[in-house]
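An overview of the molecular structure
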Amino acid sequence: VLNTVTALNNYDFGAHVLNHYSPGTGSVSVIGKNTFASNGLFGLHVESNGLVSITGADASFNEQYGILIDTEKVVTLSNTMALNNDWEGVVIATKANVTISNLASFSNGRLSPVLNFGSGLLVITDGGKVYLKNSSFIANEGYGFEVYVNNPSLDFFMSLVNYMGNFGGTKLVLTPP
């Protein structure tokens, strides 16, 4: 459990939580008011073989991703901001369900390596469903959000989501690449 962490101006990661080598399936929780800003690579990087839950993170002005989560279990992200990161705001890769609520992801992809790269949110799940609600994606260099699920018509659910002014397009929901 990380609670009220401030990680600023680090050479590479603001915080790198790594438990995917452990024999168990320990979960990762980030709670409180957490700031991951102006880091050389990612603001927050979570590699886990357990559940991941993030509530209350501000990932801004990082030189690559604001938040990167890599797990095979359920991911919950809420009350989080990803602003002005050079690449994507939030990236989630899992084989389970993803629930995102109250995410504000603005102006990401400022210095992306390729044109229309740097979406506000990128989710890739192989076998899970994605629930996206009460969130906004504005002025990102890539898409507002990109979601890859096995069956886009059955595995993606969206409610009260704003997406506008994203240079790569408003949204993209497809099967995994």
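Residues numbered from 1 in each chain as written. Predicted model: local features only at pLDDT ≥ 70, side-chain atom pairs only at ≥ 80, totals over all residues. Heavy atoms only, no water.

1. With respect to the overall build of the protein chain
Summing up its helical and strand segments, the protein chain has one helix and 17 strands in all. Here the C-alpha coordinates of the protein chain stretch approximately 35 × 35 × 25 Å along the principal axes. Buried positions account for 50% of the 177 residues belonging to the protein chain. Taking the intrachain contacts of the protein chain between residues at least 6 apart in sequence as the baseline, contacts between residues at least 24 apart amount to 60%. (Helix = DSSP H or I, 4+ residues; strand = E, 2+ residues; numbered from the N terminus. Buried < 20%, exposed > 50% of the residue type's maximum accessible area, 1.4 Å probe, protein only. Contact = heavy atoms within 4.5 Å.)

2. Examining the packing of aromatic side chains
Applying the stated rule across the entire model yields eight aromatic pairs. On the basis of an interplanar angle of 65 degrees and a centroid distance of 5.1 Å, the ring pair of F13 and F42 is categorised as edge-to-face. Here F13 is found in the loop between β2 (6–8) and β3 (15–18), whereas its partner F42 is found in the loop between β5 (34–37) and β6 (44–47), with 29 residues between them in sequence. A residue is classified by how much of its surface remains accessible, and F42, at 9% relative accessible area, is buried. (Phe/Tyr/Trp six-rings, centres within 6.5 Å; stacked < 30°, edge-to-face > 60°.)

3. Details of the side chain of N85
Looking at the secondary structure, you find N85 in the loop between β10 (75–83) and β11 (90–94). Residue class for N85 comes out buried when judged on its relative accessible area of 0%. In terms of polar contacts, N85 uses its side chain to reach the backbone amide nitrogen of F61, at 3.5 Å. For N85, the contacting residues outside a window of four places in its chain are A59, S60, F61, N62, Q64, Y65, G66, S107, N108, G109 and R110. (Polar contact = N/O pair within 3.5 Å; in protein donor to acceptor, adjacent residues only side chain to side chain.)

4. As for the pairing of strand β9 (residues 67–70)
In this structure, β6 lies alongside β9, joined through four bridges in parallel fashion. What sits directly across from E47, in β9, is D70. Note: β9 against β11, four bridges, orientation parallel. Looking at the pairing, D70 lines up with A93 of β11. (Pairing = 2+ DSSP bridges.)

5. Brief notes about the nonpolar core
Core analysis: the biggest nonpolar cluster contains 32 residues, and L44, I54, I100 and L121 have the highest contact counts within it. Those residues within four positions of L121 in sequence are excluded, and the remaining contacts are V90, I100, L103, S105, L132, F137, G144, F145 and E146. (Core = buried A, V, L, I, M, F, W, Y, C linked by side-chain atoms within 4.5 Å.)

6. Description of the pattern of salt bridges
Per the stated rule, a full pass over the model turns up one salt bridge. Between K129 and D155 there is a salt bridge, with the nearest N and O atoms lying 3.0 Å from each other. Of this pair, K129 sits in the loop between β13 (121–125) and β14 (130–138) while D155 is found in helix α1 (residues 152–155), placing the two residues 26 residues apart along the sequence. On the accessibility criterion, K129 (30% relative accessible area) is partly exposed. Given the relative accessible area of 10%, D155 is considered buried. (Salt bridge = Lys/Arg side-chain N within 4 Å of Asp/Glu carboxyl O.)

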